[in-house]
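The primary structure of each chain is shown beneath.
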Amino acid sequence: MTTATSPSSTSTAPTPRHVWNRVRGLLIALLILVIAGVTFAAVRSSTGYGHLDPRSADPKGSRAAAELLKERGVSVTVATTLEEATDATGPDTTLLVTGPNLLTPSQQHRLHETTATSGGRTLLIAPGPSAVSRLAPGVRAEPHRPVSPLPPSCTLPAARSAGTADMGGVRYTAQDTDATGCYPSDGTPGLLVLTAEKEGDTVLLGSPDFLHNERLAQQGNASLALQLLGSRPHLVWYLPSLADPSATSGDGVSDDNEAGGDGEEIPGDESSFLDLMPSGWLWGALQLTLAAVLAAIWRGRRFGPLVIERLPVAIRASESAEGRAGLYRKANARDRAAESLRAAARTRIARLIGVSTHEPHTSDVLLPAVSARTTTASDDLNTLLFGPAPADDTALVLLAEHLDALEREVRTS
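Residues numbered from 1 in each chain as written. Predicted model: local features only at pLDDT ≥ 70, side-chain atom pairs only at ≥ 80, totals over all residues. Heavy atoms only, no water.

**Overview of the pattern of salt bridges**
This is how the line gets drawn: Only one rule defines a salt bridge in this text: a Lys or Arg side-chain nitrogen within 4 Å of an Asp or Glu carboxyl oxygen. Counting from the N terminus, the helices are the DSSP runs of H or I reaching at least four residues and the strands are the DSSP runs of E reaching at least two. For the exposure calls, accessible area comes from a 1.4 Å probe over protein chains only, and a residue counts as buried if that area is under 20% of its type's maximum, exposed if over 50%, partly exposed in between.
According to the stated counting rule, one finds 14 salt bridges in the structure shown. Between Arg 215 and Asp 166 there is a salt bridge whose closest N-O contact spans 3.6 Å. Here the residue Arg 215 occupies a position in the loop between strand 8 (201–205) and helix 8 (221–229), and Asp 166 occupies one in strand 5 (residues 165–174), the gap between them amounting to 49 residues. Arg 215 sits in the partly exposed class, given a relative accessible area of 23%. You can call Asp 166 buried: its relative accessible area is 3%.

Following this line, the structure appears as structure tokens:
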């Protein structure tokens, strides 16, 4: 006689080991997601600044000079748009323009009209030929010279008090006999002071190197910086940007990377669908994308190597370029498009100036070679050839025009 077995005696309840084997993959994926989220949050919380930024403690930043000015009672305000910079001008204000060559012709005219009658001091860092013709009429920019310790060789009190300083770069000559030139290189000054209306003045500096953190303690750089920037109780530190809305409201991009001529007109920017999205959508999309990638890796299978297939027809290079550009635009991949433009420009420029084909993408090698062939400051070259991704499509178009102008200048120099 057989005995019936109760359901409880034949049940196969999962053991803790089985449960662990089933959920460990999901737990590992969740752990990686949490670690990645914390890492991205830490990266986002640390703000990166560029060259000559008074908030940057990098060797090429200018935080040291800004802090010294604050200790002496000078208020330092950072402006990133032309409107902020022009609104802050006045007889008790010094306006420092770190990248005048990045301004469009209309921006340069507007800046000059405002500063010429403000009664304050305006300092322009290494403006090229076209920029200096608009921002300081009657002044001509001479070819670039290497930066080195130079004596003041002038009667300007600030320069005589500072003594030898790291100067050079672009040099300037003025038709105005009242202009004061200091720190000459090959007989032409790298610092020029022009007297403006209402007891104001404009100072042209051929190089920004003496303002960098790494050089401020050398020579008389700190003394010169404090006297030039601290002559008024307020200092506006203007950092021009390709993303400035006023860049599209005038007659196009500045062509200071090419010695002469005005840029082409660019239509005004319009709000896109992405402008209407909430500010946190990108962060949320990034988290979802990372979760999807981790899930795909967890559940994915390898199917073997790809098979190379011969195309049935030949595709023209122009059609391929247009198709790739369309994909970049559809994917909103301005960073990839900008890097592609910069990489191609660096490669072509490297061939023109004799840089090895293995080193066109190394800033330490390419920038000095390009600076020797152009009148553009090294900081502006670094922004054009190795800078961050544009913020919108208009800035991407401006970047392409700047790169094209730079290549033409190198080709014709």
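**Considering the environment of Ser 153**
Which entries qualify depends on this criterion: Here, residues are in contact when the closest pair of their heavy atoms is within 4.5 Å.
If you trace the backbone, Ser 153 turns up in the loop between strand 4 (139–150) and helix 7 (157–162). According to the relative accessible area criterion, Ser 153 is exposed, its value standing at 52%. Ser 153 sits 10 residues away from Gly 163 along the chain, and the two C-alpha atoms are 8.9 Å apart. Ignoring any residue separated from it by four or fewer positions in sequence, one finds Ser 153 in contact with Gly 181 and Pro 184.

**Re helix 14 (residues 393–412)**
Filter applied, for reference: Each helix should span, by expectation, one fewer than its residue count multiplied by 1.5 Å. Within 3.5 Å is the distance limit for a polar contact, defined as a pair of N or O atoms, with the added protein rule that one can donate a hydrogen and the other accept it, and that residues adjacent in sequence qualify only through two side-chain atoms.
Between its first and last C-alpha atoms helix 14 spans 29 Å; for 20 residues at 1.5 Å apiece the expected length is 28 Å, and the two agree. For helix 14, the complete set of buried residues consists of Thr 394, Ala 395, Leu 396, Leu 398, Leu 399, His 402, Leu 403, Ala 405, Leu 406, Glu 407, Glu 409 and Val 410. Close packing links the buried residues of helix 14 with helix 11 (334–353), helix 12 (363–371) and helix 13 (378–386). One side-chain oxygen at the N-terminal end of helix 14 lies 3.4 Å from the backbone nitrogen of Thr 394; it belongs to Asp 392.

**Here we look at the nonpolar core**
The test is simple: Note on terminology: a nonpolar core comprises buried Ala, Val, Leu, Ile, Met, Phe, Trp, Tyr and Cys residues joined through side-chain atoms within 4.5 Å.
Counting residues in hydrophobic clusters, the biggest one holds 58 residues, and the most contacted among them are Met 167, Tyr 183, Leu 191, Leu 205 and Leu 224. Sort the elements by how many residues they give to this core and helix 8 lands first, with 5 residues. In this structure, Ala 338, Val 355, Leu 385 and Ala 395 belong to the second largest nonpolar core, which totals 24 residues.

**Considering unusual backbone geometry**
Positive phi, close to 50°, is recorded for Ala 126, a residue that is not glycine. Tracing the backbone shows Ala 126 in the loop between strand 3 (121–125) and helix 6 (129–135). For Asn 332, which is not a glycine, the phi torsion comes out positive at approximately 60°. You can see Asn 332 is positioned in the loop between helix 10 (317–331) and helix 11. For Asn 332, a relative accessible area of 31% gives the class partly exposed.

**Some details on a nonpolar patch on the surface**
Rule in force here: Patch criteria: residues need more than 30% relative accessible area and no salt bridge. Like-charged residues are merged within 9 Å; nonpolar side chains of Val, Leu, Ile, Met, Phe, Trp and Tyr are merged within 5 Å. Note that accessible areas follow from Shrake-Rupley with a 1.4 Å probe, and for residues the cover is restricted to the protein chains shown.
Residues Val 19, Trp 20, Val 23, Leu 26, Leu 27, Leu 30 and Trp 298 make up a contiguous nonpolar surface patch of roughly 640 Å² in combined accessible area. With 6 residues, helix 2 (residues 16–45) is the largest single contributor of residues to the nonpolar patch. Note on placement: Leu 26 falls in helix 2. For Leu 26, a relative accessible area of 44% gives the class partly exposed.

**Considering the sheet that holds strand 6 (residues 180–185)**
The condition that has to hold: Two strands pair under a simple rule: DSSP has to find at least two bridges between them. To obtain each axis, a line is fitted to C-alpha atoms, and for helices this fit is confined to the stretch in contact; angles are then taken between N-to-C directions over 0 to 180 degrees.
Taken in spatial order, the 7 strands of this open sheet run 1-9-2-3-8-7-6, and their pairing is mixed. Whereas interior strands pair on both sides, the edge strands pair on one side only; in this sheet they are strand 1 (75–79) and strand 6. On average, each strand axis in the sheet is inclined to that of its neighbour by 15°, with strand direction left out of account. As paired strands, strand 2 (residues 93–97) and strand 9 (residues 234–238) are joined by 5 bridges and run parallel to one another.

**Brief notes about the state of the cysteines**
What counts, and what does not: Criterion for a disulfide: a pair of cysteine sulfur atoms within 2.5 Å.
A full pass over the atoms with the stated rule returns 1 disulfide. Bridging Cys 154 to Cys 182, the disulfide has an S-S length of 2.0 Å. Between Cys 154 and Cys 182 the disulfide shows an S-S torsion of about 95°. By sign, it is right-handed. With Cys 154 in the loop between strand 4 and helix 7 and Cys 182 in strand 6, this pair connects stretches of sequence that are 28 residues apart.

**Overview of the packing of helix 13 against helix 14**
Note the following rule: What sets the label is the angle itself: under 35 degrees gives roughly parallel, over 145 gives roughly antiparallel, 65 to 115 gives roughly perpendicular, and the rest give oblique. Working rule for handedness: look at the near helix, and if it is turned counterclockwise from the far one by less than a right angle, call the crossing left-handed; if clockwise, right-handed. Following the grouping adopted for this structure description, the nonpolar residues are Ala, Val, Leu, Ile, Met, Phe, Trp, Tyr, Cys and Pro, the charged ones are Asp, Glu, Lys and Arg, and the polar ones are all others, Gly among them.
Two numbers describe how helix 13 lies on helix 14: the axes approach to 10 Å, and their chain directions differ by 120°. In terms of their interaxial angle, helix 13 and helix 14 are classed as oblique. For the crossing formed where helix 13 meets helix 14, the hand is left-handed. In this structure, helix 13 contributes Leu 381, Leu 384 and Leu 385 to the contact, and helix 14 contributes Leu 399, His 402, Leu 403 and Leu 406. Residues belonging to the contact of helix 13 with helix 14 are distributed by class as follows: 6 nonpolar, 1 polar and no charged.

**Focus on the pairing of strand 8**
Of all the 5 residues making up strand 8, 5 are buried; the element is thus mostly covered by neighbouring parts of the structure. The side-chain alternation of strand 8 yields two buried faces, one formed by Asp 201, Val 203 and Leu 205 and the other by Thr 202 and Leu 204. Pairing between strand 7 (residues 188–195) and strand 8: 5 bridges, direction antiparallel. Bridge pairing in strand 8 links Leu 192 to Leu 204.

**Here's the deal with the confidence of the model for the protein chain**
For clarity, the threshold we go by: pLDDT: the predictor's confidence for each residue, scored from 0 to 100.
Predicted confidence across the protein chain gives a mean pLDDT of 81, with 84% of residues reaching 70 or more. Confidence, read as mean pLDDT per element, is least for helix 1 (residues 7–10) in the protein chain (43) and greatest for strand 9 (94). Here residues 1–11 is modelled with pLDDT under 50, and outside its nearest four sequence neighbours on either side it reaches 1 contact, counting other chains as well. Low confidence marks residues 251–271, where pLDDT is under 50. Its contacts with residues over four positions away, or in another chain, come to 67 contacts.

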